[in-house]
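The chain contents come next:
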Amino acid sequence: MKLPRIYVALDYHNRIQADAMVSQLDPQRVGLKVGKELFTTEGPDWVAEQVERGFSVFLDLKFHDIPNTVAKAVAAAARLNVDIINVHASGGLKMMQAAKQALADVEKPPLLIAVTVLTSMDETDLQGIGIDRSVEQQVLKLAQLAEQAGLDGVVCSAQEAEMLHQRFGNEFKLVTPGIRPADAQRDDQKRTLTPSEAVDRGVDYMVIGRPITQSDNPHQTVLQLLAELDND
């Protein structure tokens, strides 16, 4: 499965805003990351429209519930023909196994990946929810559970990517949000790297939002980012 290296985070309130951005993007060069806000507002029909237009879609809904509920949600998401679906690894082994099994009969299953530690969190945040591990230790623990469950990879910070790439190899895919060009603001992401740094650490697919969506010329920004990756 050949997927784009960059997924543009469509963090918008509604389809009017999202359509205005999508119209400036090339489905041959980037994919779309659709999260909870836009999906809740516009629903699966809007997602299906983007797939029909030729875009690869990462449906970023981070399913986390009892195993049966997550399995049904994953199966429903797969029927939209998106290319990446995610669940929370903290839902546990049985939940992730159920999610994987839900894709067993799908002819062209999407990548099923697990969220480890949100990139907005640091060790102080982990301690606040009772986890007495470093971010790196917690990411590794959850990634090991995801691999055991048969998932295709994880969402992680680029700062943990090198460790995970060395531990799990090329087939275990790493999807990284919070990528920022060197001159961009970090916003609410605490653990970020530039695109070239992310690739150097083994990241397969990166999610980039505001540096593209707030650009005066999103298409040109995408071309610049891809050129940076190609020259890395």
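Residues numbered from 1 in each chain as written. Predicted model: local features only at pLDDT ≥ 70, side-chain atom pairs only at ≥ 80, totals over all residues. Heavy atoms only, no water.

## Here's the deal with the packing of aromatic side chains
Here's step 1: Scanning the model with the defined rule gives three aromatic pairs in all.
Here's step 2: Summarising the aromatic geometry, the rings of Tyr7 and Tyr205 are spaced 6.5 Å apart at their centres and angled 90° between planes, so their arrangement reads as edge-to-face. With Tyr7 in strand S1 (residues 6–9) and Tyr205 in strand S8 (residues 205–208), this residue pair connects regions lying 198 residues apart in the sequence.
Here's step 3: Measuring from centroid to centroid gives 4.7 Å for Phe168 and Phe172, while their planes differ by 35°, and the two rings are tilted.
Here's step 4: Put simply, the rings of Tyr7, Phe58 and Tyr205 pair up and form one aromatic cluster. (Phe/Tyr/Trp six-rings, centres within 6.5 Å; stacked < 30°, edge-to-face > 60°. Helix = DSSP H or I, 4+ residues; strand = E, 2+ residues; numbered from the N terminus.)

## Description of the side chain of Lys33
Here's step 1: As for its placement among the helices and strands, Lys33 is situated in strand S2 (residues 31–34).
Here's step 2: Relative accessible area serves as the criterion here: at 9%, Lys33 is assigned to the buried category.
Here's step 3: A polar side-chain atom of Lys33 sits 3.2 Å from a polar atom in the side chain of Asp60. (Buried < 20%, exposed > 50% of the residue type's maximum accessible area, 1.4 Å probe, protein only. Polar contact = N/O pair within 3.5 Å; in protein donor to acceptor, adjacent residues only side chain to side chain.)

## Details of helix H1 (residues 15–22)
Here's step 1: Taken residue by residue, H1 has Ala18, Met21 and Val22 as its buried positions. Taken end-on, H1 shows its buried residues confined to a sector of 95°, consistent with a single buried face.
Here's step 2: Next to the buried residues of H1 lie S2, helix H2 (36–52), helix H9 (210–213) and helix H10 (218–230).
Here's step 3: Two or three places before Ile16, at the start of H1, stands the capping residue Asn14, its side-chain oxygen 3.1 Å from that residue's backbone nitrogen. (Arc of directions from axis to C-beta. Contact = heavy atoms within 4.5 Å.)

## Some details on helix H4 (residues 93–101)
Here's step 1: Turning to H4, its buried residues are Met95, Met96, Ala98 and Ala99. The buried residues of H4 occupy one face: seen down the axis, they fall within an arc of 160°. H4 presents Lys94 and Gln101 as exposed residues on the side facing more than 90 degrees away from its buried surface.
Here's step 2: Packing partners of the buried residues in H4 comprise strand S3 (57–63), helix H3 (67–78), strand S4 (84–88), strand S5 (111–115) and helix H6 (135–148).

## Some details on the pairing of S2
Here's step 1: Here S2 shows two buried faces, one formed by Gly31 and Lys33 and the other by Leu32 and Val34.
Here's step 2: Bridge count between S2 and S3: three bridges; the pairing is parallel. Across the sheet, the residue bridging to Leu32 is Val57, located in S3.
Here's step 3: You can see the chain leave S2, run along H2 and come back into S3, and the turn it takes is right-handed. (Pairing = 2+ DSSP bridges. Right-handed = clockwise from strand over helix to strand, strands pointing away.)

## A short note on the environment of Ala99
Here's step 1: Position of Ala99 among the secondary structure elements: in helix H4.
Here's step 2: Taking relative accessible area as the criterion, Ala99 reaches 0% and is therefore assigned buried.
Here's step 3: Sequence spacing of Ala99 and Asp26 is 73 residues, and the spatial spacing of their C-alpha atoms is 31 Å.
Here's step 4: Among all residues touching Ala99, those that are not within four sequence positions of it are Val70, Ala71, Val74, Val87 and Leu112.

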